[in-house]
Structure formats: C-alpha cells, structure tokens
Amino acid sequence: MDIDLDPIEQFDAPIYHRYHATSSRAITPFLHAMKRGEILGHLSTATGKVLFPPLGACPESGEATHIPVILSDTGTVIGFTTVHLPIPGSKLVPPFTVANILLDGADQACSHLISECDIDEVAIGMRVLAVWRPAEVWNNSLENIEYFKPTGEPLVDIDALQQQCLAKAEQRKEAAKGGQDA
Amino acid sequence: MSNHRVAICGVGQTERYKTKLTCSLAGLVREAALNALADAGCEWSDIDALIIGKAPDMFEGVVMPEAYLAEALGGVNKPVIRVHTAGSVGGSTAIVAANHIKSGLFKRVLTVAFEKQSESNAHWALSPSMPFRPHFNSGAGGMFAPVIREYMRRSGAPEDVGCQVAVKDRLHAIKNPHAHLHLPDIDIDTVKNSPMLWEPTRFLESCPSSDGACAMVLAAESHADTSTHKPAWVHAMAMRSEPSFYPWREEVNPEASRACAKDLYAQAGITQPRKQLDMAEVYVPFSWFEPIWLESLGFAESGQGWRLTLEGATSRDQGGDIPWNCSGGVLSSNPIGASGMIRFAEAALQVRGMADQRQVEGAKRALGHAYGGHSQFFAMWIVGATKP
C-alpha cells in the first residue's frame, strides 16, 4: 500500500476531568469553619507545631491530628513570586503576586494572592491581612479570602520569626507531654 | 540482597530534543531504545525486562502510557514496570532498572524515559485546581521562584549568577547534537533582557519545553561484553523523598537532598566531590539551581556555591575543574520525564569516553542527578570507567 500521505502534525484531543472530592473527618471541621469566616489549624502534639491546612496527619511524625487551633487572618510573607506568564486554565490576569504566607499562630505557610499594593512593594517579611469576600458568598473554601493586603507594619525578620515559632512549638510539645503524664 | 555489579552497556537518545510534530509517542521511545540496543550490540530478544519512566500523565494526556508503549519497546511477554517520581523520574527509573540487575534477578534490562511536551501544556498540567483552595498555581516556575529568591536572600549572591549559568549551559549545548536549544550568540545581556516570567526567573533562565526519549541497556557483569564500546559501571546510587509541605520545611537545601548525597558518597567513598569527581550532570531547570545544588551536593560550602559559577569552575569551555552539565543540561533540553535519565546517561557517556565534542578529557568518575516534585524526590548515581 502506498503510504505517501501528507503528515497530520497535530489534531485536538481534549480531555476533561470533573472530580467529586470526599471530605475527610479531619478536614470537615475546617471546611465548616471557613464558611463561618474562621480559619482552623491543627496542633500536632508530637511536634508542638500548628499545621495548616489541617489535613489530619502530621507530616513529620505521622501522628493523626485533631486538636483545632483558631488562626488569625493576619500573617507574614515568607516567600513570593510575581507571575508574568498567563497560565492556561487560570482566570488570573498577569502580572499577579502569589505569596507563601505564615498566618499568625501557624507553623506552616499557605499560598495566597497579594494585592492592593505595587508589585515592587512586596517583600519577604511583609505583614499582611486577609481581605474577605462578602459573607453572603462564603463557602467551604479558602476562596472566601479574595487576597491578602499589606498592613503597613514594619518588615519582620523571618529568621527570628522562625526561631520564635519553633520555641513556642517546643513549649506546646512539652505541655502536651505533661498532659499525657498527668 | 545480592550485590552484582551493574554495567551501562548502551545509551540511546532521540535525534534532537526539539518539538516533534511528525513522530508519535511510540515512535519517540522506540527511536531511543533502538539507539541504545545498537550501542550495546544487543537485540530485543537479549532483553529480560523493560523499565519505563515518565512524569505526570497529564503532560501528554495519555494515562498509563506504559501499557500502550510496551509493544513498541519489545515488552510483549516480558516484565514491564513503570516508575513515577515527577521530574526526577528519569533518574529513579535508571536506579530501579539497575537494582533489578544488582539483585541478580535479570541479566539485561532496557530502561526508557520520555516526555513529549508538545502534546499538552506543562504549565496547565502543573497548575491543577485543588479542592477548597483558590486556583492560582503557576507551573513549575511559580513553585521554584520563591525558593530561588530565598537562596538569593541567604547567600547575598550577585544578581548576575543566574544569567551566567544560563549562558554557560547554552554554550555547552552547542557541542551536543541532541540539545533542543542551540543559541551560539547568547550572552549575559541577552539573558538579562529576556522577559521576566516568574520573578526573579527570566525566560532565558528557564528550561524549554522539549520532546524526546532516552534509553539505556544495563547488564550484569557476565553479560556486559556484547558491545564494541566499553561499558560504564555503577559505583553508587541513592534515592530519597520527603513530603511537599510541612512546617518550616527547608526548601532551599532539602533534607532529602542532603541525605541522598550523603548515602551516595558513602557508597562511593567520596568525601570531596569537587576533587574526586571529574564532572557532573545535575538537574538544573532554572538557572539558580546550579548554585543551590552545588551547595546541597557538597561541591561548595553553604552560601558559597555561586562563587564556583562566577569563577567558571563549572564551565567546560573555561576549563573549569568541575564541569557541570556539559550536555547543556535541562536548561537546553527538557523532555521532563527523560531529563533525569539524560543526566544519568550523559554521565555514563563521559566515563566511557563517548561524549564526542562535549567530552571532559579523561573523565573517570561522574555524577548523574535528578530532582522532582516540590524539590522533594531525589535520585543520584555515580558511574565510573572501571569496575567498582
């Protein structure tokens, strides 16, 4: 058979996925709290650290976690990037700044958008505050927070912040151990 | 576990790692496999098992490609195993294959890793919408940019270091006929003036989207003499992993990276990698990961890796004492799933004296390295010209 045909270089073959996620016992209280406008973390009694989001297990010790800790909607930028590239499937229009934000009271940063300031003003150690969407549209999601904005407080030394947080975690760990002994 | 010596008898790569619109996935992997078999002086019938590796299935939209590709790779009625550790998978796949020889289970294994980035979009595939979180993932560059910024903060390295790596690896790539990018006119200013993608990472400080496959034939000592070319020998290999996120995770110099290198060097009796190795092929998809890994892998003290780059120590063209990525590295070709195996294979070619224009004169011992996920999967091997 003659196979001297024009090559077909590429043709569209779209694939779509629609998932239905099941909420675990650990994440359910967090999702309900989000709907109330409250941010929950989990205390790991093995390490004394406060995990966020609370997925129900401590990644360091493997211990199941369930003790809720209410976190603040203020925090500190510990890392960030400004994205200039459009990402397929994303509604965000570049440039936009995504930061790793350590909420006050947590030991684990979460990613969120920074807005209401110039891109060049964003810095490691910047203090930020959550800007919530109107309460009527709150759902079981961190999307209830639209973005974070600078508080105007002075920059924080993040190495010192880490030492303070680790010292507090150590105290919580000892306290949890004491509770078990008693 | 038995401890048989492992020889790398054949290396095969696809012609050039640029976008290939007239070659199917099956054609791609078969080309690399046939080249590896030819180098090893073997036939399909000489192969006992097939070990395939690739990065996330969403990179092509083919789920379980190992099932569809087994026939193209002579896998009918043979054991077929698929390995997946994100971007490090090419390295992990080589190690899984080597362990099947080391254990004595098989005499000859064909191992293949591939990616055809032109079939999907890696930025999309790496930016999935997660349950109960806002959707603003921004691909691998977005994930690593804060890590690079943190390295810059801690080390106080001059801003030019990343640009210098970008130039050095692209100049290396000119000597590699397989390299996707051939940019002979590149210089620091071209890199500096290229668009910012994920601050502080510029376009020319990032890897390209490439299509390609890499294959190796690994053999037990008793079966290592089929080729007219001498084999390379595995002296050490190690893998480590850690979770993506945990409190105060060290992202610049991950614990798993340090542990993996420590294990590797202990096996090979290496205490001073810069002195005892002749070259290294290290996974550097964004320019600043050269100084980051120079430090993590013990080639430089903490905070000092960037000095080696600036001094030209890692440049083959400048006669550096420890050339890194003579192939042009991931910055010049990134068929993601294959990229780790290319590092491992290029290290083997160097100690076999078969790296042609990119050869480091007299290379006897070389490092192949790969990392993946959120800097959380690590795979490394050391290969040598002589038996361990």
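All of these numbers come straight from a predicted model, not from anything done at the bench.

About the thresholds
- Residues numbered from 1 in each chain as written.
- Chains lettered and ligands numbered in written order.
- Predicted model: local features only at pLDDT ≥ 70, side-chain atom pairs only at ≥ 80, totals over all residues.
- Helix = DSSP H or I, 4+ residues; strand = E, 2+ residues; numbered from the N terminus.
- Rg over C-alpha atoms; globule rule 2.2 N^0.38 Å.
- Contact = placed C-beta atoms within 7 Å.
- Expected span 1.5 Å × (residues − 1).
- Buried ≥ 20, exposed ≤ 12 C-beta atoms within 10 Å, placed from the backbone.
- Core = buried A, V, L, I, M, F, W, Y, C linked by C-beta atoms within 7 Å.
- Pairing = 2+ DSSP bridges.
- Axes fitted to C-alpha atoms, helices over the stretch in contact; angles between N-to-C directions.
- Parallel < 35°, antiparallel > 145°, perpendicular 65-115°, else oblique.
- Nonpolar A, V, L, I, M, F, W, Y, C, P; charged D, E, K, R; others polar.

### Some thoughts on the overall build of chain A
Item 1. Tallying secondary structure elements over chain A gives 2 helices and 8 strands in all.
Item 2. When the helices and strands of chain A are listed from N to C terminus, the series reads α-β-β-β-β-β-β-β-β-α.
Item 3. In terms of C-alpha radius of gyration, chain A reaches 21 Å, well past the compact-globule figure of 16 Å for 182 residues.
Item 4. Seen along its three principal axes, the alpha-carbon backbone of chain A occupies a region of about 85 × 40 × 35 Å.
Item 5. For chain A, long-range pairs separated by at least 24 residues make up 58% of all intrachain contacts whose partners lie at least 6 apart in sequence.

### Describing helix 1 (residues 25–40) of chain B
Residue and element names in this part refer to chain B.
Item 1. With 16 residues, helix 1 ought to run about 22 Å at 1.5 Å a step, and its terminal C-alpha atoms sit 23 Å apart, in line with that.
Item 2. Those residues of helix 1 lying buried are Leu-25, Leu-28, Val-29, Arg-30, Glu-31, Ala-32, Ala-33, Ala-36, Leu-37, Asp-39 and Ala-40.
Item 3. Where helix 1 is buried, its residues touch strand 1 (6–13), helix 2 (65–69), strand 4 (108–116) and strand 7 (211–220).
Item 4. Two residues or fewer past helix 1, Gly-41 is found with a positive phi of approximately 70°.

### Comments concerning the nonpolar core
Item 1. If you look at the biggest cluster of nonpolar residues, it comprises 156 residues, and the most contacted ones within it are Val112(B), Leu218(B) and Val383(B).
Item 2. With 10 residues, helix 13 (residues 336–351) of chain B is the single largest residue contributor to this core.

### Re the sheet that holds strand 2 (residues 50–51) of chain A
Residues and elements named next belong to chain A.
Item 1. Overall, antiparallel pairing links the 3 strands, which are arranged 2-1-3 in an open sheet. With partners counted over all chains shown, the strands left at the sheet margins are strand 2 and strand 3 (67–71), one partner each.
Item 2. The pairing of strand 1 (residues 39–43) with strand 2 spans 2 bridges and is classified as antiparallel. Bridge assignment links His-42 to a residue of strand 2, and that residue is Leu-51.

### A few points about the interface of chain B and chain A
Item 1. Contact with chain B, which involves 31 residues of that partner, is made by 36 residues of chain A.
Item 2. A total of 7 residues in the side of chain B that touches chain A trace back to one element, the largest contributor, which is helix 5 (residues 139–155) of chain B.

### Observations concerning the pairing of strand 7 (residues 127–132) of chain A
Residues and elements named next belong to chain A.
Item 1. Of the strand pairs in this sheet, strand 4 (residues 74–83) and strand 7 are connected by 3 bridges, and their pairing is antiparallel. Along strand 7, the bridge assignment pairs Thr-74 with Leu-129.
Item 2. Two strands pair when backbone bridges link them, and strand 7 and strand 8 (residues 145–150) are joined in this way by 5 bridges, in the antiparallel orientation. Bridged to Leu-129 within strand 8 is Lys-149.

### Some remarks on unusual backbone geometry
Item 1. Geometrically, the link from Phe52(A) to Pro53(A) is a cis peptide bond, its omega value of -5° lying close to zero.
Item 2. Cis peptide bonds are those with omega within 30 degrees of zero, and the linkage from Glu199(B) to Pro200(B) qualifies with 5°.
Item 3. Mapped onto the elements, Pro200(B) comes out in the loop between strand 5 (196–198) and strand 6 (201–202).
Item 4. A positive phi angle, near 55°, is found at Met64(B), a position not held by glycine.
Item 5. Within the secondary structure, Met64(B) sits in the loop between strand 2 (49–54) and helix 2.
Item 6. Of note in this structure, Ser375(B) is not a glycine but carries a positive phi near 50°.
Item 7. Take Ser375(B): it is sitting in the loop between strand 10 (365–372) and strand 11 (377–384).
Item 8. Using a count of 26 C-beta atoms within 10 Å as the deciding quantity, one classes Ser375(B) as buried.

### Points about the pairing of strand 1 of chain B
Residue and element names in this part refer to chain B.
Item 1. Taken across its 8 residues, strand 1 has 8 buried, putting it largely inside the fold.
Item 2. By the bridge criterion, 7 bridges tie strand 1 to strand 7 in an arrangement that is antiparallel. Bridge pairing in strand 7 links Gln-13 to Cys-214.
Item 3. With 2 bridges joining them, strand 1 and strand 8 (residues 232–241) adopt antiparallel strand pairing. Residue pairing for strand 8: Ile-8 is matched across the bridge by Ala-232.

### So, the environment of Ser210(B)
Residues and elements named next belong to chain B.
Item 1. Position of Ser-210 relative to the elements: it lies in the loop between strand 6 and strand 7.
Item 2. Ser-210 sits in the buried class, given 27 other C-beta atoms within 10 Å.
Item 3. It is 5.0 Å that separates the C-alpha atoms of Ser-210 and Asn-334, two residues lying 124 residues apart in sequence.
Item 4. With residues near it in sequence (within four places) discarded, Ser-210 still touches Tyr-17, Lys-18, Gln-117, His-180, Ser-333, Asn-334 and Pro-335.

### Side note on the packing of helix 3 (residues 89–102) of chain B against helix 13 of chain B
All names here are of chain B.
Item 1. Two numbers describe how helix 3 lies on helix 13: the axes approach to 5 Å, and their chain directions differ by 60°. What the angle tells us is that helix 3 and helix 13 run oblique. From helix 3, Val-89, Gly-90, Gly-91, Thr-93 and Ala-94 reach across to helix 13, where they touch Gly-337, Ala-338, Ser-339, Gly-340, Met-341, Ile-342, Arg-343 and Phe-344.
Item 2. Broken down by class, the residue content of the contact of helix 3 with helix 13 amounts to 6 nonpolar, 6 polar and 1 charged.

### Comments concerning the environment of Asn35(B)
Residues and elements named next belong to chain B.
Item 1. Structurally, the position occupied by Asn-35 is in helix 1.
Item 2. A tally of 19 C-beta atoms within 10 Å means that Asn-35 is categorised as partly exposed.
Item 3. Measuring from C-alpha to C-alpha, the distance between Asn-35 and Ser-315 comes to 29 Å, with 280 residues separating the pair along the chain.
Item 4. Setting aside residues up to four positions removed in sequence, Asn-35 forms contacts with Gly-12, Gln-13 and Ala-215.

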